[in-house]
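# Coordinates in review
The primary structure of each chain is shown beneath.
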Amino acid sequence: MEFDLSILQPKERASFGLRALYEAAGCRKYHMGRFEEYGLYQENRSFLPSEQVITFTDMDGRLLALKPDVTLSIAKTAQPEKGQTLKYYYSENVYRPSAESHTFKEIAQMGLEYIGAVDEAGMRQVMELAARSLETLESGWVLEIGHMGYLFGLLDALGVPSSARPRLLEKLRARNAHELRAAALAAGLGEAGAFALSALLALSGGYAETLRRAEEFCRSDAMRAAVAELRALEEVLAGYNGAVRLDLTLAGEMEYYNGLIFQGYLKGLPRPLLKGGRYDLLAQKFTPGAGAIGFAVYLDELDRLGAPTPPVERKSGSSFINIALPKGRLGDKAYGLLAKAGYGCAEDYNETRKLVVENTEAKVRYFLVKPSDVAIYVEHGAADIGIVGKDILAESGADVYELMDTGMGKCRMCVAGPKDFVDDESRALRVATKFVSIAREHYEALGRDIDIIKLNGSIELAPILGLSDVIVDIVETGTTLRENNLAVLEEFMPISARFIANRASYQFKYRQLTELLAKMKEALKV
């Protein structure tokens, strides 16, 4: 009797298909125990996605950990001989903190690792297996490829100090042109350096054409070497009907990836399903001179494919752009801007009781949500794009593209307190705010010890009644502060409404989104 794979869940079918693919490529299955000595992770924490690890003491008194990562264990135990390349695949569960639930989560992964003498042929094989892994999953897909060597080559050519690099890479990763330029100028690069970094944002699109432009843009031997590696992959990736894109703003952790970096998206999923790259630095911690490249497929993401089609898509399809707008004055301004750009609706969303309104001709769909929820809708893929205040975006930490500063709703994030306030550094500073993450990050950068008091409203009352020493809050005109004998003590973040996009939507609706963005920019000029 033949087994019918169609009765399996998407995650189960993927597991069968990927295993067959990797074994056919000559990869050997790697199996590891559930536990690892905590010392391994403590010594190599810069290579982990999070420093938070579940630990316990075993019967012999050893401090062990539930494994948060597979690659680190493979790199430690592989130990290839000189000139040898070891090829492994794995199917394991790892345990990592979830930013959404604020608890640890068990995550199912499959992946492969090539460790040792990884040459050009080995890189081509891994990249083809990454593309075929996505193809195996029987849905629309995009494989996005970048190169850390290209980015590092440009940063070196521009003389960017090491202390400024993480912030610049963060802005590139978010495609945040408006703050990238400001960060470059703050790092002392000058207008020419800021322009060069901003030009990287244009190096994204079809593989062959983007590679040609990347070659013309080269400013160092390191950049030319990166282009040569990418050129070597062109032929093997050319047969995938445009599903492979080159994006030289794609950036990973500085201490982890040192060459090729890539991630794969599957239609219907809001975040990357596949992530990988070249990680020689980690391999060489255990085997001097070794190279390494690999990727992981996050199987749990496939559970979303089994979810029912949303009612709005059953009615009018999934080709619409879903736009989340904040309720209130900012949402009205944002809608006015979009309407001016040609994306208005015949139906006034402020007058109707409908939760969703559409323009079937322009293929856009609007819904109003609480301002603090806009970034959540976009990050999770319920909305493709949204308009959100920088304060809410920074506080949420949402992993989205920040494509434009609309300039609407301008104000500033400030530290405020009594006019005669003098900071007593001998004790922790008491800070009242509803922006806990923003306040913590600001004072950590200053090296100041603080006690945070989270409030949800009437923040200005806190220092007046002695609940706190100072507050961190948005200030627009400062009238409320002045009328209560308070003053702005420090301004540290300009706030305005930002145009954000879901990372997966940006891949699959790229033309629609870039066209809408261009029309919005034109409307802002009028």
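What follows covers the overall build of the protein chain. Broken down by element type, the protein chain carries 20 helices and 23 strands. The globule rule puts the C-alpha radius of gyration for 526 residues at 24 Å, and the 25 Å found for the protein chain is close to it. In terms of its C-alpha atoms, the protein chain occupies a principal-axis envelope of roughly 75 × 60 × 55 Å. Per-residue burial for the protein chain yields a buried fraction of 50% across its 526 residues. Long-range pairs, those at least 24 residues apart, make up 68% of the contacts in the protein chain with a sequence separation of at least 6. Surface summary for the protein chain: the accessible area is close to 25,000 Å², and the carbon and sulfur share equals 49%. The distance from the centre of the 63 positive side-chain charges to the centre of the 72 negative ones in the protein chain is 3 Å.

Moving on, we come to the packing of helix α4 (residues 120-136) against helix α10 (residues 221-237). α10 packs onto α4 with a crossing angle of 50 degrees between their chain directions and a minimal axis gap of 10 Å. Classified by the angle between their axes, α4 and α10 sit oblique to one another. Helix-helix and strand crossings are classified by hand; for α4 and α10 the assignment is right-handed. Counted together, Glu 120, Met 123, Arg 124, Met 127 and Glu 128 of α4 and Glu 229, Ala 232, Leu 233, Val 236 and Leu 237 of α10 form the full contact between these two elements.

This part covers α10. In an α-helix, one turn spans 3.6 residues, which is why side chains three or four residues apart end up on the same side. Between the first and last C-alpha of α10 there are 24 Å, a value that for 17 residues agrees with the 24 Å anticipated at 1.5 Å per step. Every buried residue of α10 is accounted for by Met 223, Ala 226, Val 227, Leu 230, Leu 233 and Leu 237. One side of α10 carries all its buried residues, which in axial view fall inside an arc of 125 degrees. Away from its buried face, by an angle of more than 90 degrees, α10 presents the exposed residues Asp 221 and Glu 235.

Quick look at the packing of aromatic side chains now. Taken as a whole and judged by the stated rule, the model has 13 aromatic pairs. Ring plane angle 75 degrees and centroid distance 5.0 Å describe the contact between Phe 35 and Phe 56, whose orientation is recorded as edge-to-face. Separated by 21 residues along the polypeptide, Phe 35 in strand β2 (residues 35-37) and Phe 56 in strand β3 (residues 55-57) bring together distant segments of the chain. Here Phe 35 falls in the partly exposed class, since its relative accessible area comes to 45%.

Next up on the list: the sheet that holds strand β5 (residues 85-97). Here nine strands make up an open sheet; going across it, the order is β1-β5-β6-β12-β11-β10-β7-β9-β8 and the pairing mixed. With one partner strand each, in any of the chains shown, β1 (28-29) and β8 (204-206) form the two edges of the open sheet. Examined bridge by bridge, β1 and β5 share two bridges and lie parallel to one another. Directly across from Arg 28, in β5, lies its bridge partner Tyr 88. Strand contacts of helix α9 (residues 207-217): β7 (141-147), β8 and β9 (244-247), with the helix running at about 135 degrees to β8, the strand carrying the most contacts.

Summed over the entire model, instances satisfying the criterion amount to zero disulfides. Cysteine Cys 411 remains unbridged, with the sulfur of Cys 414 as its closest cysteine sulfur at 8.7 Å. The exposure class assigned to Cys 411 is buried, which follows from its relative accessible area of 17%. On the accessibility criterion, Cys 414 (1% relative accessible area) is buried.

Its boundaries defined by the atoms lining it, the second largest pocket holds a volume of some 960 Å³. Lining of the second largest pocket is provided by 34 residues; of these, Gly 268, Leu 269, Pro 310, Glu 313 and Gly 381 occupy positions nearest its centre. Those elements giving two or more residues to the lining of the second largest pocket turn out to be α12 (311-316), β15 (364-369) and α19 (503-508). For the lining of the second largest pocket, the element with the highest residue contribution is β15, accounting for four residues. Partitioned by chemical class, the residues of the lining of the second largest pocket number 17 nonpolar, eleven polar and six charged.

Attention now moves to the sheet that holds strand β22 (residues 486-495). If you walk across this open sheet you meet the five strands as β20-β19-β21-β18-β22, and the pairing is mixed. A strand with exactly one partner marks an edge of an open sheet, and here the two such strands are β20 (450-454) and β22. The sheet shows a mean angle of 30 degrees between the axes of neighbouring strands, direction not considered. Pairing analysis gives five bridges linking strand β19 (residues 429-433) to β20, with the strands arranged parallel. Bridge assignment links Ala 432 to a residue of β20, and that residue is Ile 453. On the sheet, helix α16 (residues 436-446) packs against β18 (411-418), β19, β20, β21 (470-475) and β22 and is oriented at approximately 170 degrees with respect to β20.

Let's shift gears to the side chain of Arg 96. Mapped onto the fold, Arg 96 is located in strand β5. Taking relative accessible area as the criterion, Arg 96 reaches 12% and is therefore assigned buried. Within the local environment of Arg 96, its side chain forms a polar contact with the backbone oxygen of Pro 68, the two atoms lying 2.7 Å apart. If we skip the residues at most four places from it in the chain, Arg 96 touches Pro 49, Pro 68, Asp 69, Thr 103, Phe 104, Lys 105, Ile 107, Gln 109 and Tyr 298.

Analysis parameters
- Residues numbered from 1 in each chain as written.
- Predicted model: local features only at pLDDT ≥ 70, side-chain atom pairs only at ≥ 80, totals over all residues.
- Heavy atoms only, no water.
- Helix = DSSP H or I, 4+ residues; strand = E, 2+ residues; numbered from the N terminus.
- Rg over C-alpha atoms; globule rule 2.2 N^0.38 Å.
- Buried < 20%, exposed > 50% of the residue type's maximum accessible area, 1.4 Å probe, protein only.
- Contact = heavy atoms within 4.5 Å.
- Areas by Shrake-Rupley, 256 points an atom, 1.4 Å probe, with all protein chains shown as cover.
- Lys, Arg positive; Asp, Glu negative; His and termini not counted.
- Charge placed at Lys NZ, Arg CZ, Asp CG, Glu CD.
- Axes fitted to C-alpha atoms, helices over the stretch in contact; angles between N-to-C directions.
- Parallel < 35°, antiparallel > 145°, perpendicular 65-115°, else oblique.
- Left-handed = near helix turned anticlockwise from the far one by under 90°.
- Expected span 1.5 Å × (residues − 1).
- Arc of directions from axis to C-beta.
- Phe/Tyr/Trp six-rings, centres within 6.5 Å; stacked < 30°, edge-to-face > 60°.
- Pairing = 2+ DSSP bridges.
- Disulfide = S-S within 2.5 Å.
- 1 Å grid on protein atoms, 1.4 Å probe; cavity = no way out; pocket = protein on both sides within 12 Å on 5 of 7 lines; lining within 4 Å.
- Points joined across faces, edges and corners; volume = space filled by probe spheres on them.
- Nonpolar A, V, L, I, M, F, W, Y, C, P; charged D, E, K, R; others polar.
- Polar contact = N/O pair within 3.5 Å; in protein donor to acceptor, adjacent residues only side chain to side chain.

Function cannot be read off these values alone, since they describe shape.
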